[in-house]
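# Commentary on secondary and tertiary structure
Read off the chains here:
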Amino acid sequence: MSNLLDEKFTVVPGVFNPFAALLAKRNGFKAVYLSGGALTSSYGLPDLGMITITELADMVRKIHEVTDIPVIVDADTGFGETLNVYRTVRLLEDAGAAAIQIEDQVSPKRCGHLDGKEVISRENMIEKIRSANMARKKSLIIARTDSRAVKGLDEAVERARIYIDEGADIIFPEALTSVDEFKYVADKVDAPLLANMTEFGKTPLIDAGTFERLGYRFVIFPVTTFRAAARAMDETLKALKSDGTQKNIMNNLMTRAEQYDVINYKFYEDFDKNIAERDKKML
Ligand SMILES: C[C@](O)(C(=O)O)[C@H](CC(=O)O)C(=O)O
Ligand SMILES: [Mg+2]
């Protein structure tokens, strides 16, 4: 079983490619969240459940290829009904996912912090959780409930309890609107909890220490690295357009040395050299 629950509390930055995951590990984070919102934006697409399981599994595999940091994967609604959820969990786990998050939204899903979303019935979600639970061998199942915004806090608490009873390992109560609401859920739900600290949504900015004190086991910052990178790229392009040179923004750029360090360039170079030298000796 994944060891994600060994820690008392884990701060989890969102990532959308292997480079971001490598950077997160380098900065001391113990897990990353492969965000659907960030990944789809990086593809130039909306977060409306339009990407395929193959695309998502491929990104999990690519991240897993270069780093052993545990990856929590946002699998949206599970890519379909019970049978699809089964296959989704199998594919994501095989690709290296440590935990897989499935939410109780109606398809096409949307960002949990937008208005106008809908939730599926409890029964329908129970089937998905059972299916996910049967499919997984060593990954953890995170059940996200979007019901707070649609049916109120008590429905979210009720669903959380049911989802845990049906085999979910972690509960993700989506789009809570205050510290008091996070506290309410923590007091009422006896299960490992994950808080979502996304920006520009329904949740005010709350720091990691507060979530830890409230008893949450994880806090994700799902789209923060994407938003920071997006802003940085935009400003860089503006400078290039107006100045025709990068002279004035050199301090904003990661150096080649740092970039190569992040991707373990030297390891591959040495590896190749060692093999070539061994071959020479053998001749
Ligand atoms: C956590 C989330 O599912 C994501 O895809 O990262 C999004 C985040 C966001 O859009 O800000 C969400 O639905 O909360
Ligand atoms: Mg998402």
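Sequence order as written defines the numbering, with residues in each chain counted from 1. The order in which chains are written sets their letters, starting at A; the order in which ligands are written sets their numbers, starting at 1. Selection of residues for local features in this predicted model requires a pLDDT of at least 70, selection of side-chain atom pairs for listing and counting requires 80 or more, and totals for whole chains, interfaces and linings are taken over all residues. Only hydrogens and water are removed before side-chain values are computed, so all heavy atoms of the structure are retained for them.

## Points about the site of ligand 1
Definition in use: Near, as used in this document, describes a residue that has one of its heavy atoms within 4 Å of the molecule or strand being considered. As used in this structure description, the phrase polar contact means that two N or O atoms lie within 3.5 Å; if the pair is within protein, one of them must be able to donate a hydrogen and the other to accept it, and residues adjacent in sequence are counted only when both atoms belong to side chains. What sets the accessible areas is the Shrake-Rupley method with a 1.4 Å probe; for residues, cover comes only from the shown protein chains. For this classification, Asp, Glu, Lys and Arg are treated as charged, while Ala, Val, Leu, Ile, Met, Phe, Trp, Tyr, Cys and Pro are nonpolar and the rest, including Gly, are polar.
The environment of ligand 1 is made up of 16 residues, and the closest members are Ser35, Gly37, Gly112, Glu174 and Thr198. Contact between ligand 1 and glutamate 174: an oxygen atom at 2.5 Å from a side-chain N or O atom of the residue. Contacts to ligand 1 include asparagine 196, whose side-chain N or O atom sits 2.9 Å from an oxygen atom. When the free accessible area of ligand 1 is taken as 350 Å², the share hidden by the protein chains comes to 96%. Of the residues in the shell around ligand 1, the class split is four nonpolar, seven polar and five charged.

## What to know about the packing of helix α4 (residues 82-95) against helix α5 (residues 122-135)
Here is the rule we go by: Lines fitted to C-alpha atoms define the axes here, with helix axes fitted over just the stretch in contact, and angles between the N-to-C directions of these axes take values from 0 to 180 degrees. The helix count covers DSSP runs of H or I at least four residues long, the strand count covers runs of E at least two residues long, and both are numbered beginning at the N terminus. Rotating anticlockwise by less than a right angle from the far helix to the near helix defines a left-handed crossing, while the corresponding clockwise rotation defines a right-handed one. By definition, residues are in contact when any of their heavy atoms lie within 4.5 Å.
Here α4 crosses α5 at 35°, and the two axes come no closer than 8 Å. The chirality of how α4 crosses α5 is right-handed. Contact with α4, carried on its side by Thr82, Val85, Tyr86, Val89 and Arg90, involves Glu127, Lys128, Ser131, Ala132, Met134 and Ala135 of α5 and no other residues of that element. Residues belonging to the contact of α4 with α5 are distributed by class as follows: six nonpolar, two polar and three charged.

## Regarding the packing of aromatic side chains
Think of a pair of aromatic rings as described by two things: how far the centres are apart, and how the planes are tilted against each other in angle. This is how the line gets drawn: Stacked, tilted and edge-to-face are the three classes applied to pairs of Phe, Tyr and Trp rings, where Trp contributes its six-membered ring and a pair requires centres within 6.5 Å; stacked means planes under 30 degrees apart, edge-to-face means over 60, and tilted covers the rest. Type-normalised accessible area, obtained with a 1.4 Å probe on protein chains alone, sets the label of each residue: buried when under 20%, exposed when over 50%, and partly exposed for intermediate values.
Inspection of every chain in the model, using the stated rule, returns seven aromatic pairs. Ring centres 4.3 Å apart and planes at 5° place the aromatic pair tyrosine 260 and tyrosine 265 in the stacked group. Among the residues examined, tyrosine 260 registers a relative accessible area of 27% and is labelled partly exposed. Here tyrosine 265 falls in the partly exposed class, since its relative accessible area comes to 37%.

## Description of the pairing of strand β3 (residues 71-74)
Let me state the cut-off plainly: At least two DSSP bridges between two strands are needed for those strands to be called paired. Handedness of a crossover is defined as follows: orient the strands so they point away from the viewer, and if the path from the first strand over the helix to the second runs clockwise, the crossover is right-handed.
Burial of β3 is two-sided: the residues Val71 and Val73 facing one way and the residues Ile72 and Asp74 facing the other way are all buried. With three bridges joining them, strand β2 (residues 32-34) and β3 adopt parallel strand pairing. What sits directly across from valine 32, in β3, is valine 71. For β3 and strand β4 (residues 99-103), the ladder comprises three bridges, and the chain directions are parallel. Looking at β4, one finds that aspartate 74 is bridged to glutamine 101. Running through α4, the crossover from β3 to the neighbouring parallel element β4 is right-handed.

## With respect to the environment of tyrosine 43
Note that tyrosine 43 resides in the loop between α2 (36-42) and α3 (53-66). Given the relative accessible area of 33%, tyrosine 43 is considered partly exposed. With 27 residues separating them along the chain, tyrosine 43 and phenylalanine 16 place their C-alpha atoms 9.7 Å apart. Setting aside anything within four residues of it in sequence, one finds tyrosine 43 in contact with Ile51, Glu55 and Met59.

Note that every value here comes from positions in space, so none of it alone points to a role or purpose.
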